[in-house]
Every structure is written in C-alpha cells, then in structure tokens.
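Notes for the structure review
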Amino acid sequence: MDPADDTVLYRMARAESLSIVHLDSFAAVYHRASGITHLITAPAPEILATLGEAGMTRVALLERLARDYALGDADAEVLRERLDELVATGLVSRA
Amino acid sequence: MKHVFSVAIGPVGFRIGSDWRAPIAQLETLYGAYPKPAGDVPDFTVRLFAARPWRRVLRPSVMIGGDFVLPEAAPLPLAQGLLAAEMGMNLQMALGQRRYLLLHASVVERDGEALVMTGVSGAGKSTLAALLSLRGWRLMGDEFALLDPETGQLYAFPRLVSLKNASIATVAAEAAEDRFGPLLEGTPKGTIRHFVPDAQAITTMTQPACPALILFPSFGFEPAARDVSPSEVFVRLTQASTNYVALGERGFDALTRLVTSVPARAIDYPDTASAIAQVEAAWAAR
Amino acid sequence: MGRALMFRAPDGRLLARALRLPESTLELDAEGWTALLAIARAEQMLGTLAWRLGEVAVPPAVGRILGDAARSAEQGRVVALWEAEAARRALAPLGERIVLLKGTAFVAADLRAGQGRSIGDLDILVPRAALDRVEAALLDAGWEWVKPDPYDDAYYRQWMHELPPLIHRDRDRMIDVHHTILPLTARITPNAAALLADAVEVAPGLWALSPEDMVVHAAAHLFADGDLAGGIRNLWDIDQLCRQFAVTQPDFYVSLYERASEEGLSAQVQRALRLCWQLYDTPAVGYTSPIRIDLNKRWSDRLYLRRVTARDGWGRATRPVTRMAFYIRSHWLRMPPAMLARHLWTKWRKGGAGPASG
C-alpha cells in the first residue's frame, strides 16, 4: 500500500460550486469555479457524495463506499484511478 | 466599405461590407423581404475584401473578414461572393453569438411547437427543412437553432436555405423558380443553390416557439427509429453547439432543461418520401 | 454622430473617448454606435466598454450587445481564474512564488483594470532557477508543448523571457511561463529577483506584482514586447491601474518613477503616461524634485497615437506604413541587429514575414 493512502486527504469541491442534473445513468455536473461541464457515472457521484467537503483518506473512502453502496468492484487500484481523474477535473482536491 | 447591405435574420442583425458590387446586389435581391437590424445597429459585421488592392479586378478573389475570423479561411472566387457572404454571417454566429445557445440544427414549427433536426452534414437537415416548409410547416432555420436560456424558447434564424448537389433538384421539383438564387458551381462544398424562405417564415421570424421534439436524421439507411437517451442527446448537442462552453452556466441550464423535457428520436431513411413520413409519424407520437 | 466627430472618419479615438467619458456616447447615432462597437470588438475591448457604459442609457439594440459582452467577460474571468488555480495546484509542491501577470493578475486582485477585460493566455512569472522544475511539474499535470519546432524552441530558450508556450491537453488553454518581464535580448534587463520579492499575495498561493511593478510591466510590455498591437487596451490598463493606486497611495507616482528608474524603464513609463494622458486624461503628475519627470506632450507622441488608434469604423486595421514601422522597431528593441537579421531570414524562409493585414 502507498503510504499516501493513509495521510493524504481528498475533498469534494465546495457544494455551492456544483450544479448537478441527473439525466439517466449519467449525471451532468457544472463546476462553477472552472466553467467546465463533466458527465459522470458510477462510482463518481458516489465518491463525491461520500467525500463531502470535510474530506477523508483513500483508505477511509474505500471502506465507506464498500459499506454504503456495496460496490463489489471497490478495489484500491480502481478507486485510485477514479480519484485521480476527479482530481484532474478539479471536482476533488488533494491536501 | 464601398458597398454595404444590412439585414435582420430572426433576432440577429448583420452589416455586410464589400469591395465589389455583385455580392451586395445578390443579397439585396434574395433578402429583399427581410427587415433591417433593430435600431439600425447590427450585432455583427462581415467584410468581403480583396487580399491586395489589384485583386479587386485582377482574378478577383473574396477574403472573408468581420468581427470574428478564422485565420485559415481561404478566399473564394468573386462568382461565389454570395456564398462568401453567407459563410461570413455563419462564422459571426458560430464564433460570436453569446445571447442564445447555438445548436447546429434545422428547425421547423407547427402550432407554436418546434421540431429540431440535428446531425452531421449530409444527413439532409437543410433539405428536410425546405421540404417540410413546402408542406405547411414554418421554416425557422436550416443551419442554427437559437435556444434562449432565459425562457427555454427557440428563436428562428431563417437565412437563405443552402441546398447542395442532389438536394437542389429535389427541392426545385416542388418550388417556384423565383425562390432560388444563382447556381454556384465548383464551390468548396460542391454545387450550391440558395432557396429563399417563404413570406410567412420571414414575417413571423421574430416569434419564438416551444421545443417539442428533437430528431437525429440519418440518410441512406433502411427506415428505422429509436429513442435517444437524455445523456446521449446532451453529449450530441454539446458537440453540435459552437458556444456551449462560452455560455457557461446559462448554457448548462438551457441544455439540461431541453434534454430533460423534450423527447428525442433517431430516424433512418432511404429517400425523402420516407423521411417526410417518418418525421410526421415521430411528430404525431411525441 | 457628435459634432466633434462628424467631419472625421471614426478611428480608435472614438473608443478612447467612450471609455474616458461614457456619457459622450449619448450623442451617437446608429452609425456612430455601429462604428464604436466594431472598433471595440477589434481591440478586444467590448467587455470593458460594456462595464464603462453600465450606468449610461443606451439604445435597446446596443444594450443587448453590451449585455452579451458583459456576460461573456464574466465567463472569461471565471475561466482565467480557474486556469490560474490549476497552475497553482500543479506547482504548489515546488514551494515557489507563482506571480500572475497581465489580465489574470488584474482579475485575481479585483482591480478596475480587470473589469470586463478579455483575457487570453495565462502568464506567470517564476524564479529563473525554478524554471526546469516548473516545466516538469506542468508537463506532469497535463500541459503539452504547442509546437515542436527546433528553431523556435532554441530561440525561446536562448533569448526570450519565457518557456515556449504550453497548452493544456483537456482545457485547451495556453500558459506562458516567464522568468523576467523582458526578453534577455532586450538591452534593458529588469531585476527579476526584485519583482518576485516585492510581489503581493492576492489569493491563497497566488501572487501579483507590486502596484508600481504592475504599471512598469504594462509599459514595458506595450513598447518592447508587442509592436504596439493592442495599445489602446494596454494604455487603458495603465490608466486604470494608476487611477486606482493613486487613491490609496498618495505618493504613488513618485514610487512609480523610482521603480521605473531602478528597472531602466523610465523612458517607457513616461511615454506610456504621456500617451495615457492624451487618450484618457490620466491624471499623472510630473515632478521637478526629487526626480525630474516632465509629462508634457512630445512631438513623437503623435506617431505613437496614430499607431495606437489605427482602426476604422469597420474594425479594420488602418495606416499600414505606421504599422510596419513599428513592427520592425519592436524587433529592433528586442534583439541586437545581427540577431534580428537572422531571425527575419528564418521567418521569411518559412513564409511568415510581417504582421497580418486586412
């Protein structure tokens, strides 16, 4: 396990900076801070909802996702990729 | 500039300046029934000019300029000056329009409700719009649909309908000769002929309509139809819009409202008769 | 059109006058408005004009156009600030000062010069010693080289004051990373360390030049880096910066002249202030003591003003002779003569000499 898994905090962008419209299995997200629209699908909405603005470590996030959403494929590697994508969009920040 | 023509198309005003008389004379004829820009202040300026002074007379070629330009836009021969003017006006809309969400689509209206047809070039949206306008529909536009973020209504942009290649004969078979502009051969898009919208489309062009159905037509296939999911419509319409990003949250709100409230269908058709029948069937079932 | 303008074809002065005296637009007719809007668009100042005319009664058709421009500028502001934030996130681990330049700095610091302003690329200033690490961090965060051209690349790295431009692969926005505010080929070499040391933090982790340096940089940029292109906007920036800073700093102009003198840019700053005064009535003050600053009109200012306002009522660039003179001149300033010849030769061989016309 990467040592950063237990120390780095991940946070969702401020809630008031997001406008989310659920279309079908996809949700359209307008990020007011960047002016960029993202089209997201599972597990991205679940990750955003779970992280919240308070933030949590990747280990904690994985546990919560497995518990709350029974995500069968919630292994650490997949989660890392999804999180990195969300960080690249600015919807999640790393501190 | 030496020669000038101003015109309002739907809610948008243009001023076209030209180094030559000929394109302006053609615009004056074909847009003769259109009003002038509101308050005589156009939204956009288009310039048709010679790259070098001697190119006004010697192998004259028309450069397209204006408020907004593409550096790579190649000049056209003077005989295609009308096309240059139309391309210049389209370019201003594509690059400069900030009031309405611009969708690359044709629109027709019946009973205050609008049918939006969009898809890649060659899918026949211009031809379909022209044919439907000859069957009791109001032509709102063959190139751009203007979605108003404030109201969710569609505004008309009934410029001259740009018919290409085989579709020229298809429409000419049903419409009077005086509805057509000059035949422009050998253009970068092949043979082009402009079709003038009817008087009703012009006199009612400032009246918006409520979007009621979105169609994605595809020409050249056996007749078929399917529903299109809101997320697919959303993606396809962002790709069919030149100013979605520039409009920011207004664009997002307008588009999510459209795709969550208006049904969308994809239709395939082998010929125009089948296309008209499929459009009418989809409209009846909306 | 207004009486004063009736017998003269409109040029950039029509825009300058509307910015200086918004109520002067009350006397415009439809033709005058059409020319003003076309000139403002061509100078990329329609958003600024919309902001300035916010309190003035304008015809409805004009109001719609200005309203669109104001919203468009606001969206541009959001995007520019996000680009700065993206750079901050990418560069934060380096622990270096990231100093925003030009339009992005104006909006990040919430200055009047940023109101309605159109903003293009993101320009940042970083310590020269950190350049390699900055480059690596940006490449790692999704920025890519714009053009893999060996000549241009070597030229940039050896002589310019910036890395070759980078573009972000997802957001399609350019970043210019500077390590000083003038090319190393220019005979003037401002003290980059002092620029960085005196910078002020305008948002967490984002810095802007000090007020004096901001004006000095704007003046240096106008005369040395841009063949006076966009001069009417650059001078507006300087006018607004000076007016705003002079309110909170009673001796702003003294410290500005001192700073300009330290940077070897006194002549540029004084020229800029003289032009600002003639275009925008900028209330810059001259001094005889402790330093001698004479802001009276010079004959040569006329040539500069002719160049800066060379724009007709169709938005076309006019006065090509003046334009070319300034193009050659701006290269002369940036590069010693032999290098200039080599540079132009390389450009000609590639078929791209001279500024665009039309």
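Model, not experiment: these values are computed from the prediction.

Conventions and cut-offs
- Residues numbered from 1 in each chain as written.
- Chains lettered and ligands numbered in written order.
- Predicted model: local features only at pLDDT ≥ 70, side-chain atom pairs only at ≥ 80, totals over all residues.
- Heavy atoms only, no water.
- Salt bridge = Lys/Arg side-chain N within 4 Å of Asp/Glu carboxyl O.
- Helix = DSSP H or I, 4+ residues; strand = E, 2+ residues; numbered from the N terminus.
- Buried < 20%, exposed > 50% of the residue type's maximum accessible area, 1.4 Å probe, protein only.
- Pairing = 2+ DSSP bridges.
- Contact = heavy atoms within 4.5 Å.
- Axes fitted to C-alpha atoms, helices over the stretch in contact; angles between N-to-C directions.
- Core = buried A, V, L, I, M, F, W, Y, C linked by side-chain atoms within 4.5 Å.
- Buried area = accessible area lost by both parts, 1.4 Å probe.
- Nonpolar A, V, L, I, M, F, W, Y, C, P; charged D, E, K, R; others polar.
- Patch = residues over 30% accessible without salt bridge, like charges linked within 9 Å, V, L, I, M, F, W, Y side chains within 5 Å.
- Areas by Shrake-Rupley, 256 points an atom, 1.4 Å probe, with all protein chains shown as cover.
- Polar contact = N/O pair within 3.5 Å; in protein donor to acceptor, adjacent residues only side chain to side chain.

A closer look at the pattern of salt bridges
Overall, the coordinates contain 46 salt bridges over all chains when judged by the stated rule. We note a salt bridge from Arg-259 of chain C to Asp-213 of chain C, for which the minimum N-O separation is 2.8 Å. Taken together, the residues Arg-259 of chain C in helix H11 (residues 252–262) and Asp-213 of chain C in helix H9 (residues 211–225) connect sequence positions 46 residues apart. Comparing Arg-259 of chain C with Asp-213 of chain C shows no difference in burial state: the two are buried. Between Asp-312 of chain C and Arg-316 of chain C there is a salt bridge, and its shortest N-O distance comes to 2.9 Å. By relative accessible area, which is 24% here, Arg-316 of chain C ends up partly exposed. Among the charged side chains, a network of salt bridges with common partners joins Glu-86, Lys-125, Asp-142, Glu-143 and Arg-159 of chain B.

Here's the deal with the sheet that holds strand S3 (residues 143–145) of chain C
All names here are of chain C. Strands sit in the order S3-S4-S5-S2-S1-S7-S6 across an open sheet of seven strands; the sheet is mixed. The sheet terminates laterally at S3 and strand S6 (200–203), the two strands that pair on one side only. Sheet topology places strand S1 (residues 99–100) next to strand S2 (residues 122–125); two bridges connect them, and they run antiparallel. If you follow Val-99 over to S2, its bridge partner there is Leu-125. Packing of helix H6 (residues 131–140) onto the sheet brings it into contact with S3, strand S4 (166–168) and strand S5 (174–178), and relative to S3 it is tilted by some 110°.

Comments concerning the pairing of strand S1 (residues 3–9) of chain B
Residue and element names in this part refer to chain B. With five of seven residues buried, S1 is to be regarded as a mostly interior element. Pairing between S1 and strand S2 (residues 12–18): seven bridges, direction antiparallel. Looking across to S2, one finds that His-3 is bridged to Ser-18. Hairpin connection between S1 and S2: a loop of two residues separates the two successive antiparallel strands, and Gly-10 in this loop has a positive phi of roughly 60°.

Quick look at the nonpolar core
Ranked by size, the top nonpolar core spans 87 residues in total, and within it Leu-49 and Leu-273 of chain C carry the most contacts. It is helix H4 (residues 60–91) of chain C that contributes the most residues to this core, 10 residues altogether. Look past the residues within four positions of Leu-273 of chain C in its chain and what remains in contact with it is Ile-238, Cys-242, Tyr-253, Leu-256, Tyr-257, Ala-284 and Leu-295 of chain C. Within the second largest apolar cluster, 38 residues are counted, among which are Ile-24, Tyr-100, Leu-160 and Ile-202 of chain B.

A word on the interface of chain A and chain C
Contacts between chain A and chain C engage 11 residues on the former and six residues on the latter. Taking both sides of the interface into account, the surface hidden between chain A and chain C amounts to around 550 Å²; carbon and sulfur atoms contribute 56%. One can count zero salt bridges joining chain A with chain C. The set of elements that each furnish at least two residues to the side of chain A that touches chain C consists of strand S3 (27–31) and strand S5 (92–94) of chain A. Along the lines of polarity and charge, the residues of the side of chain A that touches chain C split into four nonpolar, six polar and one charged.

Digging into a nonpolar patch on the surface
Together, Trp-54, Val-57 and Leu-58 of chain B make up a nonpolar patch on the protein surface, roughly 380 Å² of accessible area in all. Residue placement: Trp-54 of chain B occurs in the loop between strand S3 (44–49) and strand S4 (61–66).

Here we look at the sheet that holds strand S4 (residues 36–40) of chain A
Residues and elements named next belong to chain A. The strand order S2-S3-S4 describes an open sheet built from three strands, whose pairing is antiparallel. Sheet topology places strand S2 (18–22) and S4 at the edges, where each strand pairs with a single neighbour. Pairs of neighbouring strands in the sheet enclose a mean axial angle of 20°, with direction left out of account. Bridge analysis of S2 against S3 gives five bridges, and the strand direction is antiparallel. In the sheet register, Ile-20 faces S3, and the bridge partner there is Val-29.

Examining the interface of chain C and chain B
Counting residues at the interface gives 20 residues for chain C and 26 residues for chain B. For the chain C face of the interface with chain B, the top three residues by lost area are Thr-34, Arg-41 and Trp-314 of chain C, together amounting to 37%. Linking Asp-68 of chain C and Arg-99 of chain B is a salt bridge whose minimum nitrogen-to-oxygen distance equals 2.9 Å. Counting every contact that joins chain C to chain B gives six residue pairs in polar contact (both at pLDDT 80 or more). Put simply, the parts of the chain that give the side of chain C that touches chain B at least two residues each are helix H2 (30–42) and H4 of chain C. For the side of chain C that touches chain B, the element with the highest residue contribution is H4 of chain C, accounting for eight residues.

Observations regarding the environment of Thr-309 of chain C
Residues and elements named next belong to chain C. Residue position: Thr-309 is located in the loop between helix H13 (301–308) and helix H14 (320–334). On the accessibility criterion, Thr-309 (3% relative accessible area) is buried. As a C-alpha pair, Thr-309 and Leu-14 span 295 residues in sequence and 8.9 Å in three-dimensional space. Not counting the four nearest positions on each side in its chain, Thr-309 is found in contact with Asp-11, Gly-12, Arg-13, Ile-232, Leu-279 and Arg-319.

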